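# Summary of the model geometry
Chain by chain, the residues run as shown.
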Amino acid sequence: MTTNETARAGTAPGEQGQADAGAGVRSILVVGSGAMGRQIGMAAAVAGYTTTVRDVDATAVAAAERDMRSWLDGRVAKGRMDQDAADAAWERIAFTTDLEPAITTADLVIEAATEKLDVKRAIFAELDRLAPKHAILATNSSTYGSSAVADATGRPDKVCNMHFFNPALVMKAVEVVRQERTSEDTVQAVAAVARAMGKVPVMLHQEVPGFVANRLMGALRDEALDLYAKGVASFEDIDEAARNALGHPMGPFELMDLVGLDVSYLIRQATYELTGDEAEKPHPLLEEKYRAGEYGRKTGQGWYRYDR
Ligand code: 3HC
């Protein structure tokens, strides 16, 4: 079931019993209200969890709240969710700039802040200081394995990656990645929460840069960029091939625009810096777009142009 079908059925998984709900997880705090954070928070609220989405930036918080209210209204208008379920989800979610009091009652924290390691480490140290001892601290990072932040906490056994995909209210996969010190209970609890959100957990037994899905996507993207750079086909036609020959919902160029050329570039650059592997270096065309500030849908211009 999707998160919405789950809510429509009136069986909020977070209330179905602790085995399903993820080892006693009832209350979730999402740190970061960007494109990912807000949708992760909404998915959690729809699934029955008491949820807080927190960001340091008040403007971002307000934008996230408006966006998620309008998403819920859209679900009702489309007949995808009934009004009672939408109202209940809205009751369960709060948007705020304050870490407290939500952090003091959180069973699971999902960090979805900017992909800067020093920022993440500072966040994890603060979360560790304020969160209940039993709370799991997960990162949605697609760049950094949680070993990069676990040692900023006194609970490395309760730290892992919980990696969602954009748009997080739609995409079903959630990568659950353990580092050396993550406990089995932690990964199982996080996987159970993902299932309760209507997602399909993909379990990684070790950290690898890019995890699984972004590595697959990266391989396709690199080949697409190469074909385009060599003049083999237009980027529009390469997208056509991915959609109509391979059945992908989006071509690689459209997908870069959706994810953000900045995000795609920064992930690749960070991976290159982590591994030192020349093959991981961002493609020059990707770098060109990044330097030009053409980030895709969010700026109105990426590979394609968008009305904003
Ligand atoms: N937010 C929430 N819901 C959205 C949405 C968004 N931004 N965009 C689309 N949707 C919903 C629509 O409301 C619709 O829901 P419904 O069918 O229940 O009414 C459903 O998705 C389908 O939308 P559309 O009919 O408008 O359009 P499409 O059928 O073309 O689907 C898509 C849009 C879901 C984005 C689809 O094109 C797709 O799956 N694209 C691939 C996305 C992908 O690969 N994501 C992974 C990116 S990699 C990543 O995130 C990793 C990170 O580390 C960077």
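Here the structure is a predicted model, which means the values were calculated and not measured.

Attention now goes to the side chain of glutamine 39. Along the chain, the position of glutamine 39 falls in helix H3 (residues 35-46). Setting aside anything within four residues of it in sequence, one finds glutamine 39 in contact with Met68, Pro167, Ala168 and Leu169.

A few words now on the packing of aromatic side chains. Under the counting rule described, the total for this entry stands at ten aromatic pairs. Ring geometry for tyrosine 228 against phenylalanine 235: centres 5.6 Å apart, planes inclined by 85°, an arrangement best described as edge-to-face. The class of phenylalanine 235 is buried, set by a relative accessible area of 10%. Judged by centre distance (5.6 Å) and plane angle (45°), the ring pair of phenylalanine 235 and phenylalanine 253 falls under tilted. Of this pair, phenylalanine 235 sits in helix H11 (residues 235-244) while phenylalanine 253 sits in helix H12 (residues 252-259); the two residues are 18 residues apart in sequence, bridging distant segments of the chain. Both residues of the pair, phenylalanine 235 and phenylalanine 253, count as buried. Geometry around tryptophan 90 places arginine 69 over its ring, the cationic atom sitting 4.8 Å from the centre.

What follows covers the site of the ligand. Among the 19 residues in the neighbourhood of the ligand, the closest are listed as Arg75, Lys78, Arg80, His163 and Asn166. Between the ligand and the protein, one listed contact pairs a nitrogen atom with a backbone N or O atom of asparagine 166 at 2.8 Å. Between the ligand and the protein, one listed contact pairs an oxygen atom with a side-chain N or O atom of asparagine 214 at 3.0 Å. Calculation on the ligand without its partners gives an accessible area of 1,000 Å², and the protein chains cover 64% of this total. Those elements giving two or more residues to the shell around the ligand turn out to be helix H4 (58-77), helix H10 (213-229) and H12. Counting residues per element, the shell around the ligand draws most heavily on H12, at three residues. For the shell around the ligand, the residue count by class is eleven nonpolar, five polar and three charged. Of the residues that make up the shell around the ligand, three or more belong to each of domain 1 (5-204) and domain 2 (213-291).

Running from N to C, H4 and helix H5 (residues 83-92) point in directions that differ by 165°, and their axes come no closer than 9 Å. With respect to their mutual orientation, H4 and H5 come out roughly antiparallel. Of the two elements, H4 crosses H5, and the hand of that crossing is right-handed. Side by side, H4 and H5 meet where Glu65, Met68, Arg69, Leu72 and Val76 of the first sit next to Gln83, Ala86, Ala89 and Trp90 of the second. For the contact of H4 with H5, the per-class residue count stands at six nonpolar, one polar and two charged.

Evaluated as defined, the whole model comprises 16 salt bridges. In this structure, glutamate 287 engages arginine 291 in a salt bridge whose closest nitrogen and oxygen atoms are separated by 3.0 Å. One end of the pair is glutamate 287 and the other is arginine 291, both in helix H14 (residues 284-291) and four residues apart, which spans about a single turn. On the basis of relative accessibility, which here comes to 58%, the residue arginine 291 falls in the exposed class. Three or more residues are tied together by salt bridges with common partners; here these are Glu111, Glu115 and Lys120.

What follows deals with the sheet that holds strand S4 (residues 108-111). With respect to topology, eight strands assemble into an open sheet ordered S3-S2-S1-S4-S5-S6-S7-S8, the strand pairing being mixed. Strands with a single pairing partner mark the edges of an open sheet, and in this sheet they are strand S3 (93-96) and strand S8 (200-204). Pairwise comparison of adjacent strand axes, ignoring direction, gives a mean angle of 25° for this sheet. As defined by bridge partners, strand S2 (residues 50-54) adjoins S3 across four bridges and the pair is classed as parallel.

A few words now on H10. The terminal C-alpha atoms of H10, which comprises 17 residues, lie 24 Å apart, in line with the 24 Å expected from a rise of 1.5 Å per residue. Within H10, burial applies to Asn214, Gly218, Arg221, Ala224 and Leu225. Considered in projection along H10, the buried side chains sweep an arc of 130° and stay on one side of the axis. Where the residues of H10 are buried, they touch strand S6 (159-163), H11, H12, helix H13 (261-275) and H14. The first or second residue beyond H10 is glycine 231, which carries a positive phi of 80°.

Criteria and thresholds
- Residues numbered from 1 in each chain as written.
- Predicted model: local features only at pLDDT ≥ 70, side-chain atom pairs only at ≥ 80, totals over all residues.
- Heavy atoms only, no water.
- Helix = DSSP H or I, 4+ residues; strand = E, 2+ residues; numbered from the N terminus.
- Contact = heavy atoms within 4.5 Å.
- Phe/Tyr/Trp six-rings, centres within 6.5 Å; stacked < 30°, edge-to-face > 60°.
- Buried < 20%, exposed > 50% of the residue type's maximum accessible area, 1.4 Å probe, protein only.
- Lys NZ or Arg CZ within 6 Å of the ring centre and 35° of its normal.
- Near = heavy atom within 4 Å.
- Polar contact = N/O pair within 3.5 Å; in protein donor to acceptor, adjacent residues only side chain to side chain.
- Areas by Shrake-Rupley, 256 points an atom, 1.4 Å probe, with all protein chains shown as cover.
- Nonpolar A, V, L, I, M, F, W, Y, C, P; charged D, E, K, R; others polar.
- Domains from an automatic or database assignment.
- Axes fitted to C-alpha atoms, helices over the stretch in contact; angles between N-to-C directions.
- Parallel < 35°, antiparallel > 145°, perpendicular 65-115°, else oblique.
- Left-handed = near helix turned anticlockwise from the far one by under 90°.
- Salt bridge = Lys/Arg side-chain N within 4 Å of Asp/Glu carboxyl O.
- Pairing = 2+ DSSP bridges.
- Expected span 1.5 Å × (residues − 1).
- Arc of directions from axis to C-beta.

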